[in-house]
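Coordinate analysis (summary)
So you can see what is in the structure, the chains are spelled out below.
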Amino acid sequence: MRLFLAIAVLALAGCTRKPADAPLPVQPPAPTKPDAVQTLGKDLDKTDHRVGAALVAIEKNADKPKVVVAESRLAQSYLPPPPEADVAFAVARASRAETPQGAIDYAKQMEFGRKLATAVNKAWEKLEADQKEAARVSQLKDARIVELTKEVERVKKDASAQTWTLVGAGLAVIGALTTAFMGPRIGLPLLLCGAFCGSVPFIIDSPWFEYAAGGTLVISCGLGLWWLADKVRDSVNKTPPADEPPKE
């Protein structure tokens with residue numbers, strides 16, 4: 001009997017086994033919400049545009065020292081303070097501006113600046129793409145979590161149903177053997193118990209189970225209160241025993 005039950009459990013477990021899900025793609029190290037990237041991008045664009053506009057104003061008003069100083073300070077207000085080494089490097093470069101070497105230095109620095117700006121723009125575009133991919137993968141993970149949660153609930157439910165079914169089958173077999181060898185007085189209750197155990201999963205899954213359980217509870221409480229009231233009434237209405245005649 002135990003061997004039969006073990007084989008049945010293994011067969012049911014094998015039949016209900018779900019194929020492995022496809023692995024999820026790797027989530028890029030980027031925020032999943034677009035607001036963070038978009039807000040930061042707008043602020044950086046505003047800073048770049050304001051600094052660039054101030055530099056254009058300086059170039060167009062190079063013959064007006066006050067305008068150059070004012071626009072330079074305005075541009076610096078949009079930027080963090082530069083390191084002392086970079087300031088010294090720029091001052092030294094400016095001191096050679098009117099020499100042939102100065103022209104070569106400026107050409108090299110301009111080429112470096114254009115390459116750096118291109119690299120920053122490409123990095124920002126990659127960040128935006130990573131953010132979209134991160135959001136997509138995050139949604140896939142959330143969906144997988146919901147799916148796995150449902151799968152766990154289904155497995156628990158199936159395991160409970162299989163347990164009740166196996167218990168019912170076992171009681172039915174024992175009841176049949178008991179009926180055959182010991183009579184229906186002992187075997188029929190076991191058969192009824194087996195049938196009840198086998199039907200428990202269907203009873204619980206029924207949409208009327210909650211109403212039936214609630215109604216049964218209310219009826220049981222009502223019967224209990226009626227029994228208690230009847231006992232109290234009987235004790236109140238009970239006739240006291242008559243006095244026994246005195247013995248001679």
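Procedures and definitions
- Residues numbered from 1 in each chain as written.
- Predicted model: local features only at pLDDT ≥ 70, side-chain atom pairs only at ≥ 80, totals over all residues.
- Heavy atoms only, no water.
- pLDDT = per-residue confidence, 0-100.
- Helix = DSSP H or I, 4+ residues; strand = E, 2+ residues; numbered from the N terminus.
- Contact = heavy atoms within 4.5 Å.
- Patch = residues over 30% accessible without salt bridge, like charges linked within 9 Å, V, L, I, M, F, W, Y side chains within 5 Å.
- Areas by Shrake-Rupley, 256 points an atom, 1.4 Å probe, with all protein chains shown as cover.
- Salt bridge = Lys/Arg side-chain N within 4 Å of Asp/Glu carboxyl O.
- Lys, Arg positive; Asp, Glu negative; His and termini not counted.
- Charge placed at Lys NZ, Arg CZ, Asp CG, Glu CD.
- Buried < 20%, exposed > 50% of the residue type's maximum accessible area, 1.4 Å probe, protein only.

1. Structural notes on the confidence of the model for the chain
Averaged over the chain, the pLDDT score is 79; the fraction of residues at 70 or greater is 82%. Mean pLDDT across the elements of the chain bottoms out in helix α1 (residues 2-15) (38) and peaks in helix α3 (residues 65-77) (90). This stretch, residues 1-17, has a pLDDT under 50; its non-local contacts, to residues over four places away or in other chains, come to seven contacts.

2. Digging into a negative patch on the surface
A cluster of acidic residues, Asp43, Asp45, Asp48, Glu125 and Glu128, forms a negative patch on the protein surface. Residue assignment for the negative patch shows that the elements contributing at least two residues are α2 (34-60) and α5 (100-182). Looking at the negative patch element by element, the count peaks at three residues for α2. Counting through the fold element by element, aspartate 48 comes out in helix α2.

3. Digging into the environment of glycine 168
Inspection of the secondary structure assignment puts glycine 168 in helix α5. Overall, glycine 168 belongs to the buried group, its relative accessible area being 4%. It is 4.7 Å that separates the C-alpha atoms of glycine 168 and cysteine 197, two residues lying 29 residues apart in sequence. Every residue in contact with glycine 168, bar those within four places of it in the chain, is listed here: Gly194, Cys197 and Gly198.

4. With respect to a nonpolar patch on the surface
Together, Val173, Leu177, Phe181, Met182 and Ile186 line one region of the surface with nonpolar side chains, adding up to about 530 Å² of accessible area. Among the elements that take part in the nonpolar patch, α5 stands out by supplying four residues, more than any other. With respect to the helices and strands, leucine 177 occurs in helix α5.

5. Quick notes on the pattern of salt bridges
Two side chains that carry opposite charge are able to pair once their charged atoms sit near each other. In total, this model carries six salt bridges according to the counting rule given. The residue arginine 96 makes a salt bridge to aspartate 105 at a minimum N-O spacing of 3.0 Å. For arginine 96, a relative accessible area of 31% translates into the label partly exposed. Measuring nitrogen to oxygen at the nearest pair gives 2.8 Å for the salt bridge that ties aspartate 130 to lysine 126. With aspartate 130 and lysine 126 both in helix α5 and four residues apart, the pair spans about one turn of that helix. Residue classification places lysine 126 among the exposed residues on the basis of a relative accessible area of 52%. Through salt bridges with shared partners, a single network forms among Glu151, Arg154 and Asp158.

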